[in-house]
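For reference, the chains in residue letters:
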Amino acid sequence: MNSALNALGKISYFSEIDEQLQKELARHAHLMTIESGEILLLEGDESQAVYVVASGWLKSSKSSPNGREHVLRFIGAGETFNEVSVLIETTNSTTITALEPSELYVIHRKAILDLLDKYPRLARTIIQRLASTVQFLFTMIEDLSLRSIEARLARYLLEQASDDTLHRPRWATQAEIANHLGTVPNVLNRSLKNLEQEALIKVERHQIKILNISGLAERASLDK
């Protein structure tokens, strides 16, 4: 239980709840592992659990009838997913795939509902999480409909960079990033080159350095 408690403590909104509730959640959390490329949840299937990522990376995606994929988000350690399916007993709205070997804690629906009845603070915490998800989706819709690919790319780099550098794990290929930004790899490649020619970024093999934060932020704010 201690490892589960540590994992839950790293999640910002779970860290705000009282210690007893954290222990209750950890008591119901079961560890599972998933290999790179393995599909954990398939869009349209039923799922009865909330997942907490302890280590590794996964992606949440939707696919069109012709097979084109759009990556909604990349999910890393300290993040959760599938709260909606548990709360309203609906099928999975997205497919969840491991991008690298990952460890997750699984908390099943019955345990979550029992704890919601017992701890109102947990309900508020989950509501806040869902509100953040709605806000994230609104921002994504705004980006896809109002901003050019270069503006979307600039925003992505600013949001994902740490200390002016975006470190790219092996799975962060141009194809994966393009799927997330709603474009195709060759268009993404041209956009990266354009930003690099403008001395806003420097593209290296495993990382992208931001050379001009204010300039990149200006590009991120431009519409079509």
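From a predicted model like this one, the values you see are computed outputs, not experimental measurements.

K.L.:
Any chance you could explain the overall build of the chain here in plain terms?
P.N.:
Counting secondary structure elements, the chain contains 10 helices and 11 strands. Scaling as 2.2 N^0.38, a compact globule of 224 residues should have a C-alpha radius of gyration of about 17 Å, and the chain matches this with 19 Å. For the chain, with 224 residues in total, the buried portion stands at 45%. Long-range contacts, defined as pairs at least 24 residues apart, comprise 68% of the intrachain contacts of the chain with a sequence gap of at least 6. Averaging the coordinates of the 25 positive side-chain charges in the chain and doing the same for the 29 negative ones gives two points 3 Å apart.

K.L.:
Can you walk me through the packing of helix H7 (residues 149-160) against helix H8 (residues 174-181) in this structure?
P.N.:
Packed helices, taken two at a time, are described by their axes: the angle between them and the distance between them. For the pair H7 and H8, the least separation of the axes is 10 Å and the interaxial angle reads 110°. By the angle between their axes, H7 is roughly perpendicular relative to H8. Residues Ile149, Arg152, Leu153 and Tyr156 of H7 pack against Ile177, His180 and Leu181 of H8. Considering only residue class, the contact of H7 with H8 consists of 5 nonpolar, 1 polar and 1 charged.

K.L.:
Mind showing me how you'd approach helix H9 (residues 185-197) here?
P.N.:
One turn of an α-helix holds 3.6 residues; hence residues three or four places apart share an orientation. Taking 1.5 Å of rise per residue, 13 residues should cover 18 Å, and H9 covers 18 Å from first to last C-alpha, within 8% of that figure. All of the buried residues in H9 are Leu188, Ser191, Leu192 and Leu195. Seen from one end, H9 has its buried residues packed into an arc of 100°, which puts them on one side. Phi for Ala199, located one or two positions after H9, is positive at around 60°.

K.L.:
Even after reading the chapter, I still don't get the sheet that holds strand S3 (residues 49-55), so can you show me in this structure?
P.N.:
In a beta sheet, neighbouring strands pair by backbone hydrogen bonds and run either parallel or antiparallel. Overall, antiparallel pairing links the 4 strands, which are arranged S1-S8-S3-S6 in an open sheet. The open sheet is flanked by strand S1 (30-34) and strand S6 (80-81), the only strands paired with a single partner. Helix-sheet contacts for helix H5 (residues 109-118) involve S3 and strand S8 (102-108), and the interaxial angle to S8 is about 60°.

K.L.:
It is not clear to me how the sheet that holds strand S11 (residues 207-210) should be interpreted in this structure. Could you clarify?
P.N.:
On the basis of which strands lie adjacent, the open sheet formed by 3 strands has the order S9-S11-S10 and antiparallel pairing. If you trace the sheet from one side to the other, it starts and ends with strand S9 (165-167) and strand S10 (201-203), each paired once. Pairs of neighbouring strands in the sheet enclose a mean axial angle of 15°, with direction left out of account. In terms of strand pairing, S10 meets S11 through 3 bridges, oriented antiparallel. Counted as the bridge partner of Val203 is Ile208 from S11. Each of S10 and S11 is contacted by H9, which is oriented at about 130° to S10, the strand it contacts most.

K.L.:
Looking at this structure, how should I read a nonpolar patch on the surface?
P.N.:
On the surface, Val134, Phe138 and Ile141 cluster together into a nonpolar patch covering about 310 Å² of accessible area. Along the chain, Phe138 falls in helix H6 (residues 120-146). A residue is classified by how much of its surface remains accessible, and Phe138, at 58% relative accessible area, is exposed.

K.L.:
Looking at this model, I keep getting lost on the pairing of strand S7 (residues 95-98). Mind explaining?
P.N.:
The two faces of a sheet get side chains in turn, since along a regular strand they alternate between them. In S7, alternate side chains face the same way, and those of Thr95 and Thr97 on one face and Ile96 and Ala98 on the other are all buried. Across 2 bridges, strand S2 (residues 39-41) lies against S7 in antiparallel orientation. Considered in S7, the bridge of Ile39 is made with Thr97. Relative to S7, strand S4 (residues 58-63) is paired through 4 bridges, and the arrangement is antiparallel. The partner of Ser61 across the bridge, within S7, is Thr95.

K.L.:
Looking at this structure, I do not really get the pattern of salt bridges. What am I missing?
P.N.:
Pairing between side chains becomes possible if they bear opposite charge and their charged atoms approach one another. Within this structure, the stated rule accounts for 12 salt bridges. Its salt-bridge partner being Arg155, residue Glu159 comes within 3.7 Å of it at the nearest N-O pair. Here Glu159 and its partner Arg155 are both found in helix H7, 4 residues apart, which amounts to about one turn of the helix. Between Arg219 and Glu198 there is a salt bridge; the shortest N-O distance is 2.5 Å. With Arg219 in helix H10 (residues 213-221) and Glu198 in the loop between H9 and S10, this pair connects stretches of sequence that are 21 residues apart. You can call Glu198 partly exposed: its relative accessible area is 40%.

Calculation notes
- Residues numbered from 1 in each chain as written.
- Predicted model: local features only at pLDDT ≥ 70, side-chain atom pairs only at ≥ 80, totals over all residues.
- Heavy atoms only, no water.
- Helix = DSSP H or I, 4+ residues; strand = E, 2+ residues; numbered from the N terminus.
- Rg over C-alpha atoms; globule rule 2.2 N^0.38 Å.
- Buried < 20%, exposed > 50% of the residue type's maximum accessible area, 1.4 Å probe, protein only.
- Contact = heavy atoms within 4.5 Å.
- Lys, Arg positive; Asp, Glu negative; His and termini not counted.
- Charge placed at Lys NZ, Arg CZ, Asp CG, Glu CD.
- Axes fitted to C-alpha atoms, helices over the stretch in contact; angles between N-to-C directions.
- Parallel < 35°, antiparallel > 145°, perpendicular 65-115°, else oblique.
- Nonpolar A, V, L, I, M, F, W, Y, C, P; charged D, E, K, R; others polar.
- Expected span 1.5 Å × (residues − 1).
- Arc of directions from axis to C-beta.
- Pairing = 2+ DSSP bridges.
- Patch = residues over 30% accessible without salt bridge, like charges linked within 9 Å, V, L, I, M, F, W, Y side chains within 5 Å.
- Areas by Shrake-Rupley, 256 points an atom, 1.4 Å probe, with all protein chains shown as cover.
- Salt bridge = Lys/Arg side-chain N within 4 Å of Asp/Glu carboxyl O.

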